[in-house]
Every structure is written in structure tokens, then in C-alpha cells.
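Observations on chain architecture
Here is how the chains run, residue by residue.
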Amino acid sequence: MSNLLTIAMPKGRIFEEAADMLRKAEYQLPPEFDESRKLILDVPNENIRFILAKPMDVVTYVEHGVADVGIAGKDVMLEEERDVYEVLDLKISECYLAVAGLPNAKLDDVAPKVATKYPKVASSYFREQGEQVEIIKLNGSIELAPLIGLADRIVDIVSTGRTLKENGLVELEHICNITSRLIVNPVSYRMKDEAIDELVERLSKVIGG
Ligand SMILES: Nc1ncnc2c1ncn2[C@@H]1O[C@H](COP(=O)(O)OP(=O)(O)OP(=O)(O)O)[C@@H](O)[C@H]1O
Ligand SMILES: O=P(O)(O)OC[C@H]1O[C@H](OP(=O)(O)OP(=O)(O)O)[C@H](O)[C@@H]1O
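The name given to the chain in an unreviewed UniProt entry is ATP phosphoribosyltransferase, with the source organism recorded as Metabacillus sediminilitoris. According to its UniProt record, the chain has this under Pathway (unreviewed entry): "Amino-acid biosynthesis; L-histidine biosynthesis; L-histidine from 5-phospho-alpha-D-ribose 1-diphosphate: step 1/9." Quoted straight from UniProt, the Subunit (unreviewed entry) entry for the chain says "Heteromultimer composed of HisG and HisZ subunits."

Given below as C-alpha cells:
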């Protein structure tokens, strides 16, 4: 194993906050880092390579060891249940998972339909509540489901609450708070402990800053 540290960065909304945090931790990221369409970006003076992946795929790259470290939302960690270590709460991309629906909707008593991008999280939540539901997996625009009659309720991310409000939906139950986490491949954690410890230390200093 070389000493190069490969970090899987999520494209999309976590990217900017994560890049900002790395810069605050004094990693010299190249200016084109933010605009480039390249999917592999080397920072040779830091001995770091970044790979840019879809947020849900970051854990896959880290679990398979092709990335040593990654940044992933806790929502993804809960849903994917992968064999990776979660070493640091970066406290960025704060949001929460909630159950929502139309106000005063009459629920189907037998097995209400719940649309979500998080079928495992939703199933275990309703199981714990002792409620039998039918889960319908969607990949986005979850708020559409109750409006169009596909589902009685949804389980989705809420941040500002604007998407719920603009679609006439109300929050019914708060499931759990979500932030992004630094995750590590277990083998890399042993083999590249110095580089990973340094990354954790430098990021720890700028959390919440
Ligand atoms: N509205 C939000 N506000 C803050 N953080 C959010 C919000 N929505 C999602 N997140 C967090 O950011 C992560 C990435 O979200 P993003 O919307 O970039 O990707 P995605 O929806 O998984 O991917 P895509 O839409 O590209 O398939 C999520 O896993 C979650 O942790
Ligand atoms: O409370 P808010 O600040 O309105 O944010 C919540 C919305 O953000 C996310 O969707 P995203 O924009 O990622 O789109 P998606 O529906 O394609 O997942 C989430 O799934 C909600 O729809």
C-alpha cells in the first residue's frame, strides 16, 4: 500500500462545505477543484488524491478500499450499513429525517404507503413504532408522492422545511438529526494510520469553525 491517501468526496450539496472545511484545515486544494469536471484530482504536495462520487456511492468506494477515507451523510450511513468506520462528525450539511404527509390526511388503516429514498431507515423506524407500512422506494422528489396519491406519507430529509411548505405538506414525526461524517476503510485505518490521524486532527480543529 502506498502512502497516498485517497479521499472520496461527495459531489452535490456536501461538496462545497467539505471543500471549505479542508481548506480551513490548510489543505492546499487547487483552484480548479471546485469547477473541474475531472473525477480524480491529485494534490501532490499533500500526498492526497480526491475522487468525486455520488453521495450514496462514497461508502461503496470506501468499503472496497479504493478510497481510504470518505465524506458521507449520516442518512447514507444509516441506510447502507456498510463495513466502514465512522471516525468524525464533521457537523456540516445539517438536516434531519422526518415523516411528513398532507395535513389531516386520512390514513389507510391496513398498511399505509410510505414513499422514501431510505427504505431501510423507514422500515426500521415504523417497525420500532409497531406500525405496519408498505414502503415504496423513490430516488428523489419524494414530496411528490402524497400529492399525486402514490403514498400516504413520506420519510425524507428536511432542512429549511421549504420543500414541505411549498408543496402543502406537514411534518408529522422527527426521526433523527443528520450531519456529514468522515468514514474510513478498516484496512486503511491500520495501514495508513499516520496520514488518517493527521487528517482527523486537522479537521477536528476546524469543526464548527
Ligand atoms: N436539504 C438538505 N439540506 C442539507 N443537507 C442535505 C439536504 N438534503 C440532503 N442533505 C445531505 O446531503 C447529502 C447529499 O445530498 P445531495 O442532495 O447532494 O445528494 P443526493 O440527493 O443523494 O444525490 P442526487 O440528488 O445527486 O442523486 C445527503 O446524503 C444528506 O446527508
Ligand atoms: O427542507 P428543505 O431545505 O426544503 O430541503 C429538503 C429537500 O432537500 C432534499 O432534496 P434535494 O434537493 O436533494 O432533491 P431530491 O428531491 O432530488 O432528493 C430533500 O430530499 C428534500 O426534498
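In this structure, the largest pocket spans a volume of roughly 950 Å³. If you go around the largest pocket, you meet 32 residues; those closest to its centre are Arg13, Asp75, Lys117, Tyr118 and Ile157. Listed by contribution, the elements that provide at least two residues to the lining of the largest pocket are α1 (13–24), α3 (74–80), β9 (153–158) and α6 (162–166). A class-by-class count of the residues in the lining of the largest pocket yields 11 nonpolar, 10 polar and 11 charged. Residue contributions to the lining of the largest pocket reach at least three from each of two domains, namely domain 1 (5–94 + 179–208) and domain 2 (95–177).

It is worth spelling out the site of ligand 1 at this point. Taken together, 15 residues are adjacent to ligand 1, and Arg13, Lys54, Asp75, Lys117 and Ser159 come closest. Between ligand 1 and serine 159 there is a distance of 3.3 Å, counted from a nitrogen atom to a side-chain nitrogen or oxygen. Elements with a minimum of two residues in the shell around ligand 1: α1 and α3. In terms of residue class, the shell around ligand 1 is made up of 6 nonpolar, 4 polar and 5 charged. Three or more residues apiece are contributed to the shell around ligand 1 by two domains, here domain 1 (5–94 + 179–208) and domain 2 (95–177).

Quick look at the state of the cysteines now. Note: disulfide means a covalent bond formed between the sulfur atoms of two cysteine side chains. The final tally for this structure, using the stated rule, is 0 disulfides. As a non-bridged cysteine, cysteine 95 has cysteine 176 as the owner of its nearest cysteine sulfur, 9.2 Å distant. Given a relative accessible area of 16%, cysteine 95 falls into the buried group.

Now for the sheet that holds strand β3 (residues 48–53). The sheet built from 6 strands is open, its strands ordered β2-β3-β1-β4-β11-β5 with mixed pairing. The sheet is open, and its two edges are formed by β2 (40–43) and β5 (85–89), each paired on a single side. Each strand axis lies, on average, 30° off the axis of its neighbour in the sheet, ignoring direction. Sheet topology note: the strand β1 (residues 5–10)/strand β4 (residues 69–73) ladder contains 2 bridges and is parallel. Within the sheet, the bridge partner assigned to isoleucine 7 lies in β4 and is valine 69. In the packing of α1 onto the sheet, the strands contacted are β1, β3, β4 and β11 (180–184), and the crossing angle to β1 comes to about 140°.

Before going further, it helps to spend a moment on the sheet that holds strand β7 (residues 113–116). The sheet built from 5 strands is open, its strands ordered β8-β7-β9-β6-β10 with mixed pairing. Whereas interior strands pair on both sides, the edge strands pair on one side only; in this sheet they are β8 (134–137) and β10 (170–178). Averaged over all adjacent pairs, the angle separating strand axes in this sheet is 25°, with direction ignored. For β7 and β9, the ladder comprises 3 bridges, and the chain directions are parallel. Each bridged residue has a counterpart across the sheet, and for valine 114 the counterpart in β9 is arginine 153. Helix α4 (residues 119–128) contacts β6 (95–101), β7, β8, β9 and β10 of the sheet and is inclined by roughly 165° relative to β8.

Before going further, it helps to spend a moment on the site of ligand 2. Taken together, 13 residues form the shell around ligand 2, and within it Arg13, Ser141, Glu143, Thr160 and Thr163 come nearest. For ligand 2, an oxygen atom lies 2.7 Å from a polar atom in the side chain of glutamate 143. Backbone polar atom of serine 159 to an oxygen atom of ligand 2: 2.8 Å apart, as the coordinates give it. For ligand 2, whose free accessible area comes to 490 Å², the fraction covered by protein is 70%. Because more than half of its atoms lie within 2 Å of the grid, ligand 2 is assigned to the largest pocket. Elements with a contribution of two residues or more to the shell around ligand 2: β9 and α6. Counted by class, the shell around ligand 2 contains 2 nonpolar, 6 polar and 5 charged residues.

About the criteria used
Residues numbered from 1 in each chain as written. Chains lettered and ligands numbered in written order. Predicted model: local features only at pLDDT ≥ 70, side-chain atom pairs only at ≥ 80, totals over all residues. Heavy atoms only, no water. UniProt positions renumbered as here; feature names shortened; annotations may be inferred. 1 Å grid on protein atoms, 1.4 Å probe; cavity = no way out; pocket = protein on both sides within 12 Å on 5 of 7 lines; lining within 4 Å. Points joined across faces, edges and corners; volume = space filled by probe spheres on them. Helix = DSSP H or I, 4+ residues; strand = E, 2+ residues; numbered from the N terminus. Nonpolar A, V, L, I, M, F, W, Y, C, P; charged D, E, K, R; others polar. Domains from an automatic or database assignment. Near = heavy atom within 4 Å. Polar contact = N/O pair within 3.5 Å; in protein donor to acceptor, adjacent residues only side chain to side chain. Disulfide = S-S within 2.5 Å. Buried < 20%, exposed > 50% of the residue type's maximum accessible area, 1.4 Å probe, protein only. Pairing = 2+ DSSP bridges. Axes fitted to C-alpha atoms, helices over the stretch in contact; angles between N-to-C directions. Contact = heavy atoms within 4.5 Å. Areas by Shrake-Rupley, 256 points an atom, 1.4 Å probe, with all protein chains shown as cover. Sits in = over half its atoms within 2 Å of the grid points.

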